[in-house]
Every structure is written in C-alpha cells, then in structure tokens.
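# Remarks on the overall topology
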Amino acid sequence: MGRTLAEKVWDDHVVRRAEGEPDLLYIDLHLLHEVTSPQAFDGLRQAGRPVRRLDLTIATEDHNTPTLDIDKPIADPVSRAQLETLRKNCAEFGVRLHPLGDIEQGVVHVVGPQLGLTQPGTTVVCGDSHTSTHGAFGALAFGIGTSQVEHVLATQTLPLARPKTMAITIDGELPDSVTAKDLILAIITRIGTGGGQGYILEYRGSAIEKLSMEARMTICNMSIEAGARAGMIAPDQTTFDYLQGRDHAPQGSDWDAAVAYWKTLRTDDDAVFDAEVVIEAAELAPFVTWGTNPGQGAPLSANVPDPASYEDASERNAAEKALEYMGLTAGQPLREINVDTVFVGSCTNGRIEDLRNAAAILDGRKVADGVRMLVVPGSVRVALQAVEEGLDKVFTAAGAEWRHAGCSMCLGMNPDQLAPGERSASTSNRNFEGRQGKGGRTHLVSPQVAAATAVLGHLASPADLSDVRTPAGV
Amino acid sequence: MEAFTAHTGRAVPLRRSNVDTDQIIPAHWLKKVTRDGFEDGLFEAWRKDENFVLNRPERKGASVLVAGPDFGTGSSREHAVWALQNYGFKTVISSRFADIFRGNSLKNGLLTVVLDQQVVDALWDLAEADPTAEITVDLEKRQVLAEGITADFELDENARWRLLNGLDDISLTLQNEADIAAYEAARPAHKPRTINA
Ligand code: SF4
C-alpha cells in the first residue's frame, strides 16, 4: 500500500522503532525563542549536558520585543530579563542567535523559511505551537513544550507516537476576494477546534497547488487552531523556486540531490488517509471570527449566530460565553461591528505578500477616524523588502503605524496590546479571551479584510470599498 | 519527575469547554524564567470573579480538576502545566485534551485522564452536589473512582510506565546513543545546517 506525505517524512526520520514504544524521531531543525527555552537550558545545565547539534539549532527574539524604540533598553524589566536570559544561554551553549536589532531577527516562523532552513522532507520543531507553519514546505513541523525543547537540545530526537493522517482537499478556484486566511478560517469553523486532534493534516487539491508559499504558510500556520499536530502541503515547483538561492538552501550537486528527493514527497495514489474532508473553493467567501476561539467564525456577510441555534450543549454554552465576552448580540450583522484597532502582522500574515495585499487596498485611502492601525512586518527582512517597494509609505500616508518586526499585538506579552473592551480586526491566529491584552476583543481576518476594515471602521471586505478611494494623484 | 501511582482528592468542577492555554496562564506570566511561582497566574482573568469556582472556599485544597472538552488548546506553553501543578492540581480529567498540552502534562507528572463526557458530567454533578466528595485516580489500575462512579481510562503502556516510575525521558533516550549516532552518520549532505559544523 502507498504512503501519505506525512508517513514518508515520518519514516525517513525514525531513529529507533520498538514494539510498545513510541518511535524515536530525528529532528532536522530546532528553532528557539526566548519564551519557552529558559527552563530547558536550565535543565541542560543541571544535568551537565551540552547542546548535541548546534548546527541544527537557531534562536531569535520575537515575543517580548517592542516594535518601537528598539534602540533603547526594553522598558519592562521582566521582558528584558527574559531576552537577556536567552542571550546568556545562547552564548554559554554556542547557539546561533539573531537578537533584536539583527538583520535576521523576526518572528521565528518567518525567519526559518526566509533563511532557507525550512526545507521539504525535514522535521522541524520549536517550543511554539505555530511551528505548523513550516509544513507549507512539505516539512513535518510541530510545536513542542519546554521539556521537549530540552530533550531535543540534548538528543536531537523526540520519542513520539505517530499521529493519524487527514486529507483536506480543496478543489477549484478561490473567488477573487478570497484568500488563504479565509480558507483556513472556513476549514477550522467546519471541523472545529478539536477536529484535527491526533492528526497531521495534508492540504491538497488544485486550489492549494495554485497558492504561493506565503499563502501556504498562512494555511499551515493555523493547523494547530483545528487541534492538529501539524499541517503539510506537498512540495512542488513553487516550493523549489522559493527556496533556490536562499542562504541555507542546498547548492550545486546537493541542490540536485535535494530536489530529486523532494519530488518523491507526494502522497501515493493508493495511500489511504484516516480521515478526509473536501471543500469546494468556489463556495468560499471572506471569513471572520465572531467568538473567542478560531472555530467560531462565519462569512463576513452573515450575522452573529444565536447560541440557541446550537444543538450541542457545550457549543451553545461556549457561544453564549463568547458573545458575552465579545460584547455582541445574536443576529447583529457582522459587517456592522465597529473596531477601534486593526493589526496586520504575526506569523500568520506578516510576510511580504500579506503587506502587499494590505497596502494595495490602503493605497490612496485613509484609515477611518478613531481607528488605530498597526502594520508589523514579520521579520527585519520583510520590513526591508517592504520599504524597498515603498509599502511603508503607503501605510503611513493612509494613517497607519509602521512598526519594527516582532510578534507585536498577536499576543499580550510586549507593549502592543488592546486595552480592556477594545476591539480589533487582526490578521493573527488566536481570538482567545485576553490574547491581545486583558479584556481585548479580537476578530480574526485576512490582510485584505483588515485593510478594508481600517478604512471603513467596521468589519468589511475590499468589495465594500468601491467608492471610497481617492483618485490616484489627488 | 515525581512518580504518579494513585491520587485521591477533592475536585474542582470546571464546566467550560475549549479552555485554552491563554486562559490557564495568560501570556504576561510567560516572561518568568523558572518552573515555579505560576500559581497566582492560573486562570487569572476568571479568578477576578469571586464566584469563579476556584475562588469558592469549599474548593480550597482541591487537587483534581474536572474540565470540559478540548482542555488545553492553543499554545504549546508548558507553563500551563506548571501553573496547574504549582496551584496544587495532581490530575486533570476531561473528555478531550489538546495534543501538546497532554504531552506536556505527562512529561511533568500531571496525569491527564480522558473519560467519556457522560462520566465527566457525573463527576461534575457529584462535585457540585457534595464539595467534600473525593475522587481517586488510580494509574496502576487505570481507573477513576468516586461515589457511585467507577470508570476505566486508557493511557498507553509506555507513558504509564514512565509516570509510574517517574522516569526522565532524556536519560532513556540517551541509552539509544548508538542508534542516534548511526542515524546521524547516514543523513544526506543536502540537509540544512544553521552553522557550518
Ligand atoms: S506571531 Fe503570534 S502566533 Fe506567531 S509566534 Fe509570535 S506570538 Fe506566536
């Protein structure tokens, strides 16, 4: 019987397999950041263990870093201490680090791919659940906890039980205004936040094959929001083109050998998935969340749902609690929800293509009065590229704030936060209670919807904007 | 890791589904660089409400958390497990846990027990009707016991063995050094490297 993509990559990394034990899997790339590593380094120190493979390990700073005044000392002493701990640990153990101010600094899941370190058929781990992002390259990539971070540092392996596989097939053409973000939000609403639990998802079908690497990363990024261990997309010419010439991409004969291997990384025709979901691309529309988990979403044209309409008691209860927290009433049109903050950024939508998409809509338009818009590139490299293309000028001319790279408002760990009761349209991946700051209310959206929402001051898609653009040159 | 054989304690019934790790321990607590001192951050936002179940005097000292489905979704932060343990929980019961949270819990000796939602409902009813009611989680027998309730649970043999013996994963893995070295010797040259070795 044939094998799925996930099974092939898994099998190629089994160091040891024994009856009644989890497989011991080799890890090709270990990404570190300041939040989930300090206790792991402590563990190594206590046990007197070195980092086994410094050449497969890399660290950056992202969660705690401010996006303004980055040349000044970090104001919050606790954040500063955490960053200093990472710097001290990396220096002591010899780990390559890209700290704040470095040209390769940025959100860990933006940095790995752009350096060309994330490659098809590799295993990638990081103490961060959105490591699933790297699956866009046909890598098996998943988030791990701090004990596992320590385990990988010490052994470059992880004992793991093999997850099941689920095919998510999206055939057809995505309608014009529909992006990868809308697609993944629709998938999560369909299968639920626990729907992918225990599975590695493989996104496939003609709609996926047409997507850019940036868009594929957006989709794989949010696999974890469906509860999945990982999400993957088979590598193809788009993947190879993205990688070729990057700093750590193979070169010369290694490149040829790599591509020959990468081309084998496709699910065999006779392989069997443990579960399958099929979605028609043509039926999709811009999608936003109304609740406090990423599975509580709906097309932008819909209304806030009535909790009473849920048959399942726990879903009903969750919807009631969500509406209360979000300050919404059942039946309210989603388009009429006003926001005071718009955030474009994060490892979901902080790459160059995302910024281009948002800028294309803001060009010649203004952010609505009373709305604050933050545009935060996912990495310094993304920022430099955006500046080269003049996107930063488009954002500032529209009245948005152009910030330095980092996780920023994706989570309330750095100075960029929502105040209690504030409402955002955010291109990040989590709308959990308090995620963007205590009492903050989050609607997850695509960069295009974020930009249109910024202009109109309420949740909106680019199609709602037809008559508000100032003619070019005026 | 401390070994886990069996634990008996009073319960906290948490009637909520989809309790994500941002609720268990909010992000601003993640700046700490230790594994302890997270108890005050546990469910921090909800604890502002004096009626929140954890705040009730009759729940003081309870050590068994009985939660709704999809407990521990969201981020990979192991701090969520440390916060529960720092607060005094020894075991968490739910009909469904998020994968990463479950893995983290078992690595730290916090036993996460999966039971059918009907059994969870019965445990909730019991704990609400009688806050002094005790629940026993017996890992040797793989059984949860409470007044009128006996429920078997599953846990794979390997994870159970590690918990029962309080074994440290890293030393176990390092016993396979020869296998790891052999695998490394055969890795293709085209695999990425972060620095030149
Ligand atoms: S951008 Fe958000 S989701 Fe991504 S790594 Fe940073 S905090 Fe996590």
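Bear in mind the structure is a predicted one, so any value in this text is a computation, not a measurement.

Cut-offs applied
- Residues numbered from 1 in each chain as written.
- Chains lettered and ligands numbered in written order.
- Predicted model: local features only at pLDDT ≥ 70, side-chain atom pairs only at ≥ 80, totals over all residues.
- Heavy atoms only, no water.
- UniProt positions renumbered as here; feature names shortened; annotations may be inferred.
- Helix = DSSP H or I, 4+ residues; strand = E, 2+ residues; numbered from the N terminus.
- Near = heavy atom within 4 Å.
- Nonpolar A, V, L, I, M, F, W, Y, C, P; charged D, E, K, R; others polar.
- Buried < 20%, exposed > 50% of the residue type's maximum accessible area, 1.4 Å probe, protein only.
- Pairing = 2+ DSSP bridges.
- 1 Å grid on protein atoms, 1.4 Å probe; cavity = no way out; pocket = protein on both sides within 12 Å on 5 of 7 lines; lining within 4 Å.
- Points joined across faces, edges and corners; volume = space filled by probe spheres on them.
- Contact = heavy atoms within 4.5 Å.
- Axes fitted to C-alpha atoms, helices over the stretch in contact; angles between N-to-C directions.
- Salt bridge = Lys/Arg side-chain N within 4 Å of Asp/Glu carboxyl O.

## Things to note about the UniProt feature "domain: Aconitase A/isopropylmalate dehydratase small subunit swivel" (unreviewed entry) in chain B
As recorded in UniProt, the feature "domain: Aconitase A/isopropylmalate dehydratase small subunit swivel" (unreviewed entry) lies at residues 1-117 of chain B. Taken end to end, residues 1-117 of chain B is 24% helix and 18% strand, and its first and last C-alpha atoms sit 30 Å apart.

## What to know about the site of the ligand
Taken together, A:His63, A:Val107, A:His109, A:Asp128, A:His130, A:Ser346, A:Cys347, A:Cys407, A:Cys410, A:Leu411, A:Asn429 and A:Arg435 make up all the residues around the ligand. Along the lines of polarity and charge, the residues of the shell around the ligand split into 5 nonpolar, 5 polar and 2 charged.

## A closer look at the pairing of strand E6 (residues 123-126) of chain A
All names here are of chain A. What you see with E6 is no split at all: Thr-123 and Val-125 on one side and Val-124 and Cys-126 on the other are buried throughout. Alignment of E6 against strand E7 (residues 140-143), held across 4 bridges, turns out to be parallel. Note that in E7 the partner of Thr-123 across the bridge is Leu-140.

## A short note on empty space enclosed by the protein
Scanning the entire structure with this criterion turns up 4 cavities of 30 Å³ or more. Space inside the largest cavity adds up to approximately 220 Å³. Lining the largest cavity are 25 residues, with A:His63, A:Asp128, A:His130, A:Leu411 and A:Arg435 positioned closest to its centre. Those elements giving two or more residues to the lining of the largest cavity turn out to be helix H4 (108-114) and helix H12 (346-349) of chain A. For the second largest cavity, the lining is made up of 15 residues, of which A:Thr292, A:Glu433, B:Arg16, B:Ser17 and B:Asn18 are closest to its centre. At 4 residues, the largest contribution of residues to the lining of the second largest cavity is made by helix H11 (residues 313-326) of chain A. Residue composition of the lining of the second largest cavity, grouped by class: 4 nonpolar, 7 polar and 4 charged.

## So, the sheet that holds strand E17 (residues 401-402) of chain A
Residue and element names in this part refer to chain A. Here 5 strands make up an open sheet; going across it, the order is E17-E16-E15-E18-E19 and the pairing parallel. Across the chains shown, the open sheet's two edge strands, defined by having one partner strand only, are E17 and strand E19 (441-444). Relative to strand E18 (residues 423-426), strand E15 (residues 341-344) is paired through 3 bridges, and the arrangement is parallel. What sits directly across from Val-342, in E18, is Ala-425. With respect to the sheet, H11 is in contact with E18 and E19, its orientation differing from that of E19 by roughly 110°.

## With respect to the pattern of salt bridges
Throughout the structure, instances matching the rule amount to 40 salt bridges over all chains. A salt bridge links A:Arg162 to A:Asp11, with the nearest nitrogen and oxygen atoms 3.3 Å apart. Here the residue A:Arg162 occupies a position in the loop between strand E8 (157-160) and strand E9 (164-171), and A:Asp11 occupies one in helix H1 (residues 5-11), the gap between them amounting to 151 residues. A salt bridge links B:Glu177 to A:Arg52, with the shortest nitrogen-to-oxygen separation between them at 2.8 Å. With one member in each of two chains, B:Glu177 in helix H8 (residues 177-185) and A:Arg52 in the loop between helix H2 (38-47) and strand E4 (57-60) form a pair that bridges those chains. Exposure remark for B:Glu177: the relative accessible area of 33% places this residue in the partly exposed category. Classification of A:Arg52 as partly exposed rests on a relative accessible area of 22%. Three or more residues joined by partner-sharing salt bridges are found here, namely A:Arg52, A:Arg53, A:Asp55, B:Glu177, B:Glu184 and B:Arg193.

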